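# Structural characterization, general
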Amino acid sequence: MVLLYNDILFPRKVNNIIHNFFIKLHNCLKLIRPLLVPPARLDTIIYINMTSLKTHNLNKHFEGVKAVQNLSVQFEPGKVTGVIGPNGSGKSTLINALTGVTPITSGNIVIAGKEKISQMNASETIDFGITRTFQEVRLFEQMTVLDNILVVTTARGPLRALFEKHSKYHLAIAEQVLKQVGMWQFKDKDAVQLSYGQRKLLEIARILAMKEIGKADIIFFDEPFAGLFPEMRKVVVSVIQKLKSEGATMVLVEHNMDLIRELSDTVIVMDSGELLAEGKADHVLAQRDVIEAYLGE
Ligand code: ADP
Ligand code: MG
C-alpha cells in the first residue's frame, strides 16, 4: 500500500496533523516490526510527504550586484536537484532567499501552490518543513553534540522543553542519527571542540533528526561535501540517499561533478545569477555552454 498525500490537496494544518500521525505510525511500526509476522508486509508501507517548490522571476540584488536574476526554476517534489555554477554565481543567495535568511528583491516563491512575495519568515519555513545546512556550518558552539540535536527535536517552549528534553523518544532519535553519521562517541563534546569535518557531520545529523520528527520535507544542502575526507563523504552520500528514499525534496549545491551525477535527478546551472541550463544531469553536464561557463573554468 502506498500512502501518498500532498499539501496541494489538504490545508496546511490538516496536512501537519496527517504528517505527524504517519511519522508516529511509522516509528511505532518500526518498533513492533519484529513481533509481527510476516515482517515483509510492513516494508510495503511507504510514507511520503511531497511539497512542491518553485521560483518565478526571482531577483535578489545587493546594491549593484545582481546575485540572482529573473530566476524561474522548479524543484521537483521527492527528487534531488543539483545546483551548480561558478563561485559567485548566486547559489548560496538562492538558498538564502528560499529559506528566509535574506529578503528577495522581486519575484515570487511558490511553495505548495501558495505564492509568496517578499520574505519567507522563520515560522513559515518551519511550517513548510524547510531546513538547510550552511556553507559555513552553524552550530550551537557552547552546547554538546547531543544537545545540538536535542535542541532541534525538543519543543521550544521552556516548560515543554523541561518535560520533553530527556524524553526517551528524543534521546533515541538523537542516538540513532548521531550513530548514523559516526558521531555518537563525541556526544559529550562541545561543538566548538569538533574538527571541520565533524562539524559538518553534526549539521547533517541535525537534518536527520528533523526528518525523524517530521520537520524536514524540503532540505537545502550548501556544499555539504566541501573539505570532507572520503570516508565522511560516503556518510553524507548515504544520508542523502536515505532521505531520498523517505520522500524528501532536496536541493544540493556541490562542485564535485561525480557526486552531482550520482545523487541528482535533475541539475540547474547558474551563471552570474541567471539560469544557464536545466535538465537531467548527464544531458546538462554535456552541454557546451555549461562546460565553457563552469567545467572549463
Ligand atoms: P555562490 O554561492 O554561487 O558562490 P553567492 O550567492 O554567495 O554565490 O554570491 C553571489 C553574488 O552575490 C556574489 O557576487 C557575492 O559577492 C554577492 N553577495 C552574496 N551575499 C552578499 C551580501 N550579503 N552582500 C553583498 N553581496 C553579496
Ligand atoms: Mg555559495
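My aim in this report is to walk through the structure given alongside it, one point at a time. (Residues numbered from 1 in each chain as written. Chains lettered and ligands numbered in written order. Predicted model: local features only at pLDDT ≥ 70, side-chain atom pairs only at ≥ 80, totals over all residues.)

## Looking at the overall build of the protein chain
Looking only at helices and strands, one finds twelve helices and 13 strands in the protein chain. Put simply, the protein chain has 297 residues, and 37% of those count as buried. (Helix = DSSP H or I, 4+ residues; strand = E, 2+ residues; numbered from the N terminus. Buried ≥ 20, exposed ≤ 12 C-beta atoms within 10 Å, placed from the backbone.)

## Details of the site of ligand 1
Surveying the vicinity of ligand 1 reveals the residues Phe62, Val65, Ala67, Gly85, Asn87, Gly88, Ser89, Gly90, Lys91, Ser92 and Thr93. For the shell around ligand 1, the secondary-structure elements that each account for two or more residues are strand 4 (65-71) and helix 3 (91-98). Ranked by residue count, the leading element in the shell around ligand 1 is helix 3, at three residues. Looking at the shell around ligand 1, its residues break down into three nonpolar, seven polar and one charged. (Near = placed C-beta within 6 Å. Nonpolar A, V, L, I, M, F, W, Y, C, P; charged D, E, K, R; others polar.)

## Here we look at the sheet that holds strand 11 (residues 249-253)
Spatially, six strands are ordered 9-10-11-6-12-13 in an open sheet, and the strand pairing comes out mixed. The open sheet terminates on both sides in strands that have one partner only, identified here as strand 9 (130-132) and strand 13 (274-280). On average, adjacent strands in this sheet sit at an angle of 20° to one another, irrespective of strand direction. As paired elements, strand 12 (residues 266-271) and strand 13 share six bridges and run antiparallel to each other. Each bridged residue has a counterpart across the sheet, and for Val269 the counterpart in strand 13 is Ala277. The strands touched by helix 9 (residues 230-245) within the sheet are strand 6 (80-84), strand 10 (218-222) and strand 11, with strand 11 carrying the most contacts at an inclination of about 155°. (Pairing = 2+ DSSP bridges. Axes fitted to C-alpha atoms, helices over the stretch in contact; angles between N-to-C directions. Contact = placed C-beta atoms within 7 Å.)

## Points about helix 5 (residues 145-153)
All of the buried residues in helix 5 are Val145, Asn148, Ile149, Leu150, Val152 and Thr153. Summarising the contacts, the buried residues of helix 5 are in contact with helix 7 (168-180) and helix 8 (196-212).

## Concerning the environment of Asn70
For Asn70, the location among the structural elements is in strand 4. When the C-alpha atoms of Asn70 and Gly273 are compared, they prove to be 8.3 Å apart, with 203 residues separating the residues in sequence. Once residues within four sequence positions are removed from consideration, Asn70 is found in contact with Asn57, Asn59 and Glu274.

## Concerning the environment of Leu146
Counting through the fold element by element, Leu146 comes out in helix 5. Spatially, the C-alpha atoms of Leu146 and Lys187 are 4.8 Å apart, while their sequence positions differ by 41 residues. The contact partners of Leu146, leaving out residues within four places of it in the chain, are Ala174, Lys187 and Asp188.

## Re unusual backbone geometry
In the Ramachandran plot, Glu63 falls in the positive-phi region, its phi being about 50° despite a non-glycine side chain. With respect to the secondary-structure elements, Glu63 resides in the loop between strand 3 (53-62) and strand 4. Even without being glycine, Glu223 reaches a positive phi, approximately 55°. Assignment of secondary structure puts Glu223 in the loop between strand 10 and helix 9. A count of 19 C-beta atoms within 10 Å places Glu223 in the partly exposed class.

## Some words on the nonpolar core
The biggest cluster of nonpolar side chains holds 67 residues, and the ones touching the most others in it are Val177, Val181, Ala205, Ala209, Ile219 and Met250. For this core, the element with the most residues is helix 8, which contributes eight residues. (Core = buried A, V, L, I, M, F, W, Y, C linked by C-beta atoms within 7 Å.)

## What to know about the packing of helix 5 against helix 7
As a packed pair, helix 5 and helix 7 sit with axes 10 Å apart at the nearest point and diverge in direction by 125°. Put simply, helix 5 runs oblique to helix 7. Note on packing geometry: the crossing formed by helix 5 with helix 7 is right-handed. For the pair helix 5 and helix 7, contact is made by Val145, Leu146, Ile149, Leu150 and Thr153 and by His170, Ile173, Ala174, Val177 and Leu178, respectively. (Parallel < 35°, antiparallel > 145°, perpendicular 65-115°, else oblique. Left-handed = near helix turned anticlockwise from the far one by under 90°.)

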